[in-house]
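Structure at a glance
So the chains spell out like this:
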Amino acid sequence: MTMDFNALSEAIIKGNMDAAMQETQKALDSGSIPQAILDQGLIAAMDIVGQRFSQGTMFVPQMLRSAKTMQSCVALLKPQFQAGTISSKGTVAMGTVKADLHDIGKNLVGMMLEGAGFSIIDLGVDVSPEAFVQVVSEKSPQIIGMSALLSTTMPSMTATIQALIKAGLRDKVKVMIGGAPVTARFADDIGADRYAPDAGSAVAAAKELVP
Ligand code: B1M
């Protein structure tokens, strides 16, 4: 069924958690597809928050409130994306790179990968190249997933790949990168195995990397 998610988006933008959660539940109860709620309601709202921040009509505390509101709505959607499969397709160690605290996209990608049957090691935010190297050395994930939302933190992706090479571990793990400022060209330039523009593509890419 089609539904418009304006009330939901508006509640996210205003950081009105109760209203946003009610709208999310209402959309689920009325049969809306969870992916549509996510894309057209939640992510669309965060894009508007970003635009207003750029225009100087929204500030960091409001952006944070919107982010927390979105995360509560994502938690309501999470069971809808759970895997029907028990055996793991492989392990992905996911983190937002050093000096970057944005974790909504990273968490969404992790949630979708989990839903597709991958096991996730969540390294959190502000993850140093050394921490990525350590997880590869100790836990042997098939893939590391790096997320960056700031153009200033993208070089940490390069540093992580260099650190993996230095530790002799680069050929032991596939590297997937993503985040709003990241591009396929950048992924090629730094020697990553894959770039994914969104959570859905990240799942498709992970399946290709670990067939
Ligand atoms: Co920040 N922020 N922020 N912020 N923030 C942006 C990113 C910005 C674009 C806003 C703007 O100016 N329009 C801008 C960055 C400009 C730039 O460098 N290009 C910005 C800035 C400047 C800042 C601060 C510097 C502001 C300040 O303090 N003056 C500061 C930096 C803090 C830090 O990290 N050190 C800051 C802080 C924050 C908050 C803490 C308030 C909050 C984050 C809360 C949190 O994450 N827990 C926040 C938010 C919410 C945003 C915006 C509004 C929304 C980000 C988001 O969650 N989007 C954002 C504007 C925007 O992006 N429209 C902005 C929704 C999310 C689902 O999308 O994360 O892109 P996204 O993830 C997508 C894809 O990118 C992809 O899949 C996801 C799902 O489809 N993807 C991957 C992501 N990771 C992937 C990994 C993969 C594959 C795909 O493989 C491993």
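You'll find the structure just up there.
My aim in this report is to walk through the structure given alongside it, one point at a time. Being a predicted model, the structure only gives us computed values, none of them experimental.

1. Examining the sheet that holds strand S1 (residues 91–97)
On the basis of which strands lie adjacent, the open sheet formed by five strands has the order S2-S1-S3-S4-S5 and parallel pairing. Across the chains shown, the open sheet's two edge strands, defined by having one partner strand only, are strand S2 (119–127) and strand S5 (194–195). As defined by bridge partners, strand S3 (residues 143–147) adjoins strand S4 (residues 174–178) across five bridges and the pair is classed as parallel. Residue Gly145 lies in a different strand from S4, and its bridge partner there is Met176. The strands that helix H5 (residues 104–115) touches are S1, S2, S3 and S4; relative to S1, the one it contacts most, it runs at about 170°.

2. Concerning the pairing of S3
Counting buried residues in S3 gives five out of five residues, a clear majority hidden from the surface. Burial along S3 is two-sided: Ile143, Gly145 and Ser147 and Ile144 and Met146, pointing in opposite directions, are all buried. Inspection of the sheet shows S1 paired to S3 by five bridges, in the parallel sense. Residue pairing in the sheet places Met94 in a bridge with Gly145 of S3.

3. Considerations on the packing of helix H4 (residues 60–77) against H5
The N-to-C vectors of H4 and H5 enclose an angle of 10°; their axes lie 11 Å apart at closest approach. By the angle between their axes, H4 is roughly parallel relative to H5. Contacts from Ala67, Met70, Gln71 and Val74 of H4 reach H5 at Ile104, Asn107, Leu108 and Met111. Taken together, the residues of the contact of H4 with H5 break down into six nonpolar, two polar and no charged.

4. Observations concerning the nonpolar core
Formed by 42 residues in total, the largest nonpolar core has its most connected members in Leu8, Ile12, Leu38, Leu42, Met70, Leu113 and Met176. When residues of this core are traced back to their parent elements, those giving at least two are helix H1 (6–14), helix H2 (17–29), helix H3 (34–55), H4, S1, H5 and helix H9 (199–209). With seven residues, the top contributor of residues to this core is H3. In contact with Met176, not counting residues within four places along its chain, are Leu113, Ile143, Ile144, Gly145, Met146, Arg194, Ala196, Ala202, Ala205, Ala206 and Leu209. Membership of the second largest hydrophobic core comes to 24 residues, among which are Ile144, Leu164, Val173 and Val182.

5. Quick look at the site of the ligand
The environment of the ligand is made up of 36 residues, and the closest members are Ser54, Leu101, His102, Asp103 and Ser147. Here an oxygen atom of the ligand and a backbone polar atom of Leu101 are 2.7 Å apart. Sorting the residues of the shell around the ligand by element identifies H3, H4, H5, S3 and S4 as the ones contributing at least two each. Partitioned by chemical class, the residues of the shell around the ligand number 22 nonpolar, 10 polar and four charged.

6. Some points on helix H6 (residues 129–139)
Of all the residues in H6, the buried ones are Pro129, Phe132, Val133, Val135 and Val136. All buried residues of H6 project into a common sector of 160° when viewed along the axis, lining one side. Set apart from the buried face of H6 by more than 90 degrees, the exposed residues are Glu130, Glu138 and Lys139. Looking one or two places after H6, you find Ser140, whose phi comes out positive at around 45°.

7. Some points on the coordination of the cobalt atom of the ligand
When only protein atoms are considered, the cobalt atom of the ligand has one donor, His102 (NE2), at a distance of 2.2 Å. Note that His102 resides in the loop between S1 and H5.

What counts and what doesn't
- Residues numbered from 1 in each chain as written.
- Predicted model: local features only at pLDDT ≥ 70, side-chain atom pairs only at ≥ 80, totals over all residues.
- Heavy atoms only, no water.
- Pairing = 2+ DSSP bridges.
- Helix = DSSP H or I, 4+ residues; strand = E, 2+ residues; numbered from the N terminus.
- Contact = heavy atoms within 4.5 Å.
- Axes fitted to C-alpha atoms, helices over the stretch in contact; angles between N-to-C directions.
- Buried < 20%, exposed > 50% of the residue type's maximum accessible area, 1.4 Å probe, protein only.
- Parallel < 35°, antiparallel > 145°, perpendicular 65-115°, else oblique.
- Nonpolar A, V, L, I, M, F, W, Y, C, P; charged D, E, K, R; others polar.
- Core = buried A, V, L, I, M, F, W, Y, C linked by side-chain atoms within 4.5 Å.
- Near = heavy atom within 4 Å.
- Polar contact = N/O pair within 3.5 Å; in protein donor to acceptor, adjacent residues only side chain to side chain.
- Arc of directions from axis to C-beta.
- Donors = N, O, S within 2.8 Å, 3.2 Å for Na, K, Ca; no water.

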